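Below are the chains, spelled out letter by letter.
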Amino acid sequence: MTEIHDIPDMPALRARIDDVDRQLMALFAHRHALIDRAAQIKRGNGLPARIDDRVEEVAMNARRNAEAAGLDPDFYEALWRQLIEAAIAQEDRQLNKDRP
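No experiment lies behind these values; they were computed from the predicted model shown. (Residues numbered from 1 in each chain as written. Predicted model: local features only at pLDDT ≥ 70, side-chain atom pairs only at ≥ 80, totals over all residues. Heavy atoms only, no water.)

## Points about the overall build of the protein
Within the protein one finds three helices and zero strands. For the protein, the sequential pattern of α-helices and β-strands runs α-α-α. For a compact globule of 100 residues, the expected C-alpha radius of gyration is about 13 Å, and the protein comes in at 18 Å, more than 25% above that figure. Across its three principal directions, the C-alpha atoms of the protein cover 55 × 25 × 20 Å. Here the protein, with 100 residues, has 18% of them falling under the buried criterion. Contacts in the protein between residues at least 24 apart in sequence constitute 60% of all its contacts with a sequence separation of at least 6. Counting every atom, the protein has about 7600 Å² of accessible surface; 57% of that belongs to carbon and sulfur. (Helix = DSSP H or I, 4+ residues; strand = E, 2+ residues; numbered from the N terminus. Rg over C-alpha atoms; globule rule 2.2 N^0.38 Å. Buried < 20%, exposed > 50% of the residue type's maximum accessible area, 1.4 Å probe, protein only. Contact = heavy atoms within 4.5 Å. Areas by Shrake-Rupley, 256 points an atom, 1.4 Å probe, with all protein chains shown as cover.)

Here's what the structure looks like:
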């Protein structure tokens with residue numbers, strides 16, 4: 001892998017950023033599939049989409065991971081809270097898809 005300081009110019013840098021963005025989207029798609037599986041498991045166990053203790057655990061994990069990576073923990077916690085809310089909505093749709 002090329003070191004960041006070895007990237008020669010803006011076109012090359014932009015191409016690397018675009019590649020990272022594609023990788024992130026692939027990871028988000030994988031996370032989305034895992035959320036679908038979580039909904040299936042929750043449905044089978046009679047669990048709700050929102051489990052407040054887990055919401056806080058995931059948000060705090062994001063915060064700790066951001067800090068460990070040298071990133072702004074407030075920003076990434078807020079971003080992850082948006083991801084969490086989207087995941088809860090996704091699970092809720094799965095859990096309630098048979099309801100009128």
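## Some remarks on the packing of aromatic side chains
Any aromatic ring pair is given by two values, namely how distant the centres are and how the planes are angled relative to each other. Tallying each qualifying case throughout the model produces one aromatic pair. With a centroid separation of 4.7 Å and 85° between ring planes, the pair formed by F75 and Y76 is classed as edge-to-face. (Phe/Tyr/Trp six-rings, centres within 6.5 Å; stacked < 30°, edge-to-face > 60°.)

## Some points on the packing of helix α1 (residues 10-45) against helix α3 (residues 73-95)
The geometry of a pair of packed helices is captured by two quantities: the angle between their axes and the separation between those axes. With their axes 9 Å apart at the nearest point, α1 and α3 run at an angle of 45° to one another. Between α1 and α3, the interaxial angle falls into the category oblique. The way α1 lies across α3 gives a crossing that is right-handed. On the side of α1, the interface is formed by F28, R31, H32, I35, D36, A38, A39, K42 and R43, while α3 contributes W80, L83, A87, Q90, E91, Q94 and L95. (Axes fitted to C-alpha atoms, helices over the stretch in contact; angles between N-to-C directions. Parallel < 35°, antiparallel > 145°, perpendicular 65-115°, else oblique. Left-handed = near helix turned anticlockwise from the far one by under 90°.)

Fair warning: the whole summary comes from geometry, so function is off the table for now.
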